Amino acid sequence: MTDEGENFTTFNSRTLVEMVGDVTDEALKATKIKDLVGVLGGRFFNWAQRKSMFPLHLGIKCCALEMAAAGGPRFDAERFSAIFRSSPRQCDVLLVNGPISKKFADPIVRLWEQMPEPKWCIAMGECAISGGPYFQSYNILEGVDTLIPVDIYIPGCPPRPEALIDGFAKLREKIIRIGGVPSNQREHDAPIIIGED
Ligand code: SF4
């Protein structure tokens, strides 16, 4: 008897929520407010995302020292809204700053998959772009883009902190342009190469 009563109450609560949701949805559609909320919400999330990029605090090899310099007081990348975080679940930028060995391929893909969408990948330095000094080596991949789609390439061995900060600025422009499109649906959007313009 008690179970039936509880089920009855649960059923009614759910029905009420669904009904209110449907009515609200119809009213918003009929008055075009839903479109307005969608446009304003989209603009707001785009602004919030490009003003608060969270790169993963991951150092692979010597380019990581330039990443550290970019985050230090002289260059202070936080002024430009790049705040390094240590958990992939709190990050939206994977900054690859060294060679990817075949042994490291699975872990870096796992880190990428643990990051929430929309997310972005920056290949910093020749090793991350093509293997660098280890090009065609027996155990180093020819660039992180053999595993993960890359949005920004920053050439150099190593690139300077200013180039990394420029990479974040170019990524910000890209976020303005394409918004929150998930990483696996950006195949028609060409990656940006820093220093090419
Ligand atoms: S690109 Fe050059 S500086 Fe960067 S990780 Fe490779 S060898 Fe080191």
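Residues numbered from 1 in each chain as written. Predicted model: local features only at pLDDT ≥ 70, side-chain atom pairs only at ≥ 80, totals over all residues.

Some points on the site of the ligand
1) Next: Residues in close proximity to the ligand include Lys61, Cys62, Cys63, Gly98, Pro99, Gly125, Glu126, Cys127, Gly132, Pro133, Cys157 and Pro158, which together make up its full environment.
2) Next: Counted by class, the shell around the ligand contains 7 nonpolar, 3 polar and 2 charged residues. (Near = placed C-beta within 6 Å. Nonpolar A, V, L, I, M, F, W, Y, C, P; charged D, E, K, R; others polar.)

Focus on the sheet that holds strand β3 (residues 152–154)
1) Next: Taken in spatial order, the 4 strands line up as β1-β2-β3-β4 in an open sheet, and their pairing is parallel. Of all strands in the sheet, those bounded by a partner on one side alone are β1 (93–96) and β4 (192–193).
2) Next: In this sheet, β3 lies alongside strand β2 (residues 120–124) in parallel orientation, the contact comprising 3 bridges. Its bridge partner lying in β3, Ala123 is registered against Tyr153.
3) Next: Helix α6 (residues 161–178) rests against β2, β3 and β4 of the sheet, and its axis sits at about 165° to β3. (Pairing = 2+ DSSP bridges. Helix = DSSP H or I, 4+ residues; strand = E, 2+ residues; numbered from the N terminus. Contact = placed C-beta atoms within 7 Å. Axes fitted to C-alpha atoms, helices over the stretch in contact; angles between N-to-C directions.)

Details of the domain arrangement of the protein chain
You'll often see interface size given as the accessible area lost when the parts meet.
1) Next: Domain annotation for the protein chain reports domain 1 (2–50) and domain 2 (63–193).
2) Next: Across the boundary between the two partners, domain 1 contributes 5 residues, which contact 5 residues of domain 2. (Domains from an automatic or database assignment.)

A few points about the environment of Ile122
1) Next: Looking at the element boundaries, Ile122 is found in strand β2.
2) Next: Take Ile122: there are 27 C-beta atoms within 10 Å of it, and that puts it in the buried class.
3) Next: Beyond its immediate sequence surroundings of up to four residues, Ile122 is in contact with Val93, Leu95, Val96, Asp151, Ile152, Ile154, Gly167 and Leu171. (Buried ≥ 20, exposed ≤ 12 C-beta atoms within 10 Å, placed from the backbone.)

Things to note about the nonpolar core
1) Next: Grouped together as the largest cluster of nonpolar side chains are 37 residues, with contacts concentrated most on Leu94, Val96, Ile122, Ala123 and Met124.
2) Next: Elements that contribute at least two residues to this core include exactly α3 (63–71), β1, β2, α5 (126–130), β3 and α6.
3) Next: With 5 residues, the single largest contributor to this core is β2.
4) Next: Those residues in contact with Met124 that lie beyond four places of it in its chain are Cys63, Met67, Leu95, Val96, Asn97, Ile154, Pro159 and Leu164. (Core = buried A, V, L, I, M, F, W, Y, C linked by C-beta atoms within 7 Å.)

Focus on α6
1) Next: Here α6 spans 26 Å end to end across 18 residues, near enough to the 26 Å set by a 1.5 Å rise per residue.
2) Next: All of the buried residues along α6 are Pro161, Leu164, Gly167, Phe168, Lys170, Leu171 and Ile175.
3) Next: Of the surrounding secondary structure, the elements contacted by the buried residues of α6 are α2 (33–50), α3, β2, β3 and β4.
4) Next: Positioned one or two residues after α6, Gly179 has a phi angle of 65°, which is positive. (Expected span 1.5 Å × (residues − 1).)

Re the pairing of β1
1) Next: Every second residue of β1 is oriented toward a common face, with Val93 and Leu95 on one face and Leu94 and Val96 on the other, all of them buried.
2) Next: Two elements, β1 and β2, share 4 bridges in a ladder whose sense is parallel. Each bridged residue has a counterpart across the sheet, and for Val93 the counterpart in β2 is Trp120.
3) Next: What joins β1 to β2 is helix α4 (residues 102–114), and the crossover it makes is right-handed. (Right-handed = clockwise from strand over helix to strand, strands pointing away.)

Notes on the pairing of β2
1) Next: Counting buried residues along β2, 5 of its 5 residues qualify, which places the element largely inside the surrounding structure.
2) Next: Alternating residues of β2 divide into Trp120, Ile122 and Met124 and Cys121 and Ala123, and every residue in both groups is buried.

Quick notes on the environment of Lys103
1) Next: Checked against the element boundaries, Lys103 lands in helix α4.
2) Next: Here Lys103 falls in the exposed class, since 8 other C-beta atoms lie within 10 Å of it.

What about the packing of α3 against α6?
1) Next: With their axes 8 Å apart at the nearest point, α3 and α6 run at an angle of 75° to one another. Taken together, the axes of α3 and α6 are roughly perpendicular relative to one another. Contact residues: Glu66, Met67, Ala69 and Ala70 in α3; Pro161, Leu164 and Ile165 in α6.
2) Next: Considering only residue class, the contact of α3 with α6 consists of 6 nonpolar, no polar and 1 charged. (Parallel < 35°, antiparallel > 145°, perpendicular 65-115°, else oblique.)

Section: the packing of α2 against α6
1) Next: Close contact between α2 and α6 brings their axes to 9 Å; oriented N to C, the two are set at 170°. By the angle between their axes, α2 is roughly antiparallel relative to α6. Between α2 and α6, the residues in contact are Asn46, Gln49 and Arg50 and Arg172, Ile175 and Ile176, respectively.
2) Next: Residue composition of the contact of α2 with α6, grouped by class: 2 nonpolar, 2 polar and 2 charged.

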